[in-house]
Each structure stands twice: as structure tokens, then as C-alpha cells.
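Spelled out from the first residue to the last, the chains are:
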Amino acid sequence: MARVGVTAERLVAAAAELADEEGFEKVTLSALARRFGVKDASLYAHVRSLQDLRTRLALYAGGELIDRIAEAVAGRAGKDALVAFADAYREYALRHPGRYAATQIRVDQALVADSPALRRTADITYGMLRAYGLAEPDLTDAVRLLRSTFHGYCALEASGGFGAPRDVRRSWERAVDALHIALENWPRDQES
């Protein structure tokens, strides 16, 4: 029988804290059992497996991230929305490195379809890009450009990968400016 007070929600919240403190790869059922003072086996009353826990953590962190982005972009469009989106993304990635790492794992697409947070992520991201006059398939291409640029920059910054004396924040601002120009001048796909 599981100890009173241990719930799936509390496990996920504890996993988020552990991920930020020690790294996403250190999130294990054994580590969480130690935090709760229970045996590993008792956690299976709340999650099916480590993969289930990590998927729940990914959805939890994705929800936190999009909440911050949504708040930042509210009432904005065009470059103002892009800058707010980018800055909220970067701030979350740097402040919550373990949770952010969880948002990068591959999640079963059936779970994504059922996740309100991930549907909201698509709605906000695609909505921001539609203000640039983009439609499919260009929307998908633009989303991939933003995600890869934001993720790559944040990963390099977090690992200390930028060694030049140039201010990292200023380089970020210039990168976002360049993305804005690219989005305004997007080469339209001619697929039929």
C-alpha cells in the first residue's frame, strides 16, 4: 500500500524539482522513493514505469513553459510577440534546466493529442506565426526553425558553449531579430 500523501501529482512535482537540482537523467523511481521515504515498489500505485513518470514530467514542464509563453505574448503580434515568446522560452530553459530537458524527450503522439498543454503550445506558436502571413506547409517549417534555433541557443548557453567575449544576451537579441527578418521574408513553399 502506498504511503499517504504520495500521489501521481506530487511525484511529478518532486520529479521536476529533482530534474532541476540534479539533471533530468537523474530522475528515477528509486531517487523519488528516497525523497518520499517509501520503497520503490510503492510508487507503482501512482505511475506505471519510469517512462510513464518521465512522460508525465515532460507534459508538466511543457505546460509550465507554454503558460509562461502565453502570458508573455498576450496582446502582442509580429516582432513584439516573437521577442516575448523567445525571451520566455529562454528564461524557462535557463531557470529550469531539468524540466526543460524533459520537454525535449519524444512523447507518444497519442498522448500529445490528448494533452491540453501541448495543444495550447501548438495554438499559440502557430497563431504567432500566422501573424507573419504563413500557412501550411510553411508554418510547420517555421515552427521547426524556431524550435531548433531556440533549443540550440539555450543548450549552448547553458553548457557554457559561448566563449567569445560578446555579451550572450545581446547575441540572443540579434538572433531573434534575424528570425523576425526571416519570418517577414519567408520563401513561400510552392508545393501543390
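Structure first, text after, so check above.
Just to check I follow, could you spell out helix H1 (residues 8-22) for this structure?
Every α-helical turn comprises 3.6 residues, leaving residues that sit three or four positions apart pointing alike. Along its 15 residues, H1 runs 20 Å from first to last C-alpha, staying within 8% of the 21 Å computed at 1.5 Å per residue. Where H1 is concerned, the buried positions are Ala-8, Leu-11, Val-12, Ala-14, Ala-15, Ala-16, Leu-18 and Ala-19. Elements that come into contact with the buried residues of H1 comprise helix H2 (29-36), helix H3 (50-73) and helix H5 (97-103). Phi for Gly-23, located one or two positions after H1, is positive at around 110°.

Help me understand the environment of Leu-32, please; the structure alone is not making it clear to me.
Looking at the element boundaries, Leu-32 is found in helix H2. Taking the C-alpha atoms as reference, Leu-32 lies 28 Å from Ala-113; in sequence the two are 81 residues apart. Excluding its chain neighbours within four sequence positions, the residues that come into contact with Leu-32 are Leu-11, Ala-14, Ala-15, Leu-18, Leu-43 and Leu-53.

Is there a simple way to think about the environment of Ala-61 in this case?
In this structure, Ala-61 sits in helix H3. When the C-alpha positions of Ala-61 and Ala-102 are compared, they lie 7.0 Å apart, and in sequence the two are 41 residues distant. In contact with Ala-61, other than residues within four places in its own chain, are Tyr-92, Arg-99 and Thr-103.

Honestly, unusual backbone geometry in this entry has me stumped. Any pointers?
Only a minority of non-glycine residues have a phi that is not negative, and only a minority of peptide bonds are not trans. A cis amide bond links Glu-136 to the next residue, Pro-137, at an omega of 5°. Counting through the fold element by element, Pro-137 comes out in the loop between helix H7 (116-130) and helix H8 (138-158).

Please clarify how the nonpolar core should be interpreted in this entry.
Inside soluble globular proteins, nonpolar side chains tend to come together where they are buried. Core analysis: the biggest nonpolar cluster contains 34 residues, and Ile-69, Leu-82, Leu-129, Leu-134, Leu-146, Phe-150 and Leu-183 have the highest contact counts within it. If you list the elements that add at least two residues to this core, you get H3, helix H4 (78-95), H7, H8 and helix H9 (168-184). Setting aside residues no more than four positions away along its own chain, Leu-134 makes contact with Leu-129, Leu-139, Ala-142, Leu-183, Trp-186 and Arg-188. Of all hydrophobic cores here, the second largest spans 21 residues; its members include Ala-19, Phe-24, Leu-29 and Ala-33.

Could you clarify how one ought to interpret the packing of aromatic side chains in this entry?
The relation between two aromatic rings is expressed through the spacing of the ring centres and the mutual angle of the planes. In total, this model carries 6 aromatic pairs according to the counting rule given. When the centroid spacing of 5.6 Å and the interplanar angle of 45° are considered together, the rings of Phe-150 and Trp-172 count as tilted. Of this pair, Phe-150 sits in helix H8 while Trp-172 sits in helix H9; the two residues are 22 residues apart in sequence, bridging distant segments of the chain. For the pair shown, Phe-150 and Trp-172 are each scored as buried.

What's the story with the pattern of salt bridges in this structure? I'm lost.
Oppositely charged side chains can form a pair if their charged atoms are brought close together. Applying the stated criterion across every chain yields a total of 12 salt bridges. Arg-48 serves as the salt-bridge partner of Asp-52, at 3.6 Å between the closest nitrogen and oxygen. As a salt-bridge pair, Glu-173 and Arg-169 come within 3.3 Å of each other at their nearest N and O atoms. With Glu-173 and Arg-169 both in helix H9, this residue pair falls 4 residues apart, about one helical turn. Overall, Glu-173 belongs to the partly exposed group, its relative accessible area being 31%.

Conventions we followed
- Per chain, residues are indexed from 1 in the order of the written sequence.
- Local features are withheld for residues below a pLDDT of 70 in this predicted model, meaning they are given only at 70 or higher, and side-chain atom pairs are given and counted only at 80 or more; totals for whole chains, interfaces and linings count all residues.
- Based on all heavy atoms of the structure, the side-chain values leave hydrogens and waters out of the count.
- Put simply, DSSP H or I for four residues or longer makes a helix, DSSP E for two residues or longer makes a strand, and each gets a number counted from the N terminus.
- Take the number of residues in a helix, subtract one, and multiply by 1.5 Å to get its expected span.
- Using a 1.4 Å probe on the protein chains alone, a residue whose accessible area is under 20% of its type maximum counts as buried, one over 50% counts as exposed, and one in between counts as partly exposed.
- Here, two residues are considered to be in contact whenever any of their heavy atoms come within 4.5 Å of each other.
- For this analysis, a nonpolar core means a set of buried residues of the types Ala, Val, Leu, Ile, Met, Phe, Trp, Tyr and Cys, connected via side-chain atoms within 4.5 Å.
- Ring pairs are drawn from Phe, Tyr and Trp, using the six-membered ring of Trp, whenever the two centres fall within 6.5 Å, and their geometry is named by plane angle: stacked under 30 degrees, edge-to-face over 60, tilted for the rest.
- Each salt bridge in this description consists of a side-chain nitrogen of Lys or Arg and a carboxyl oxygen of Asp or Glu lying within 4 Å of one another.

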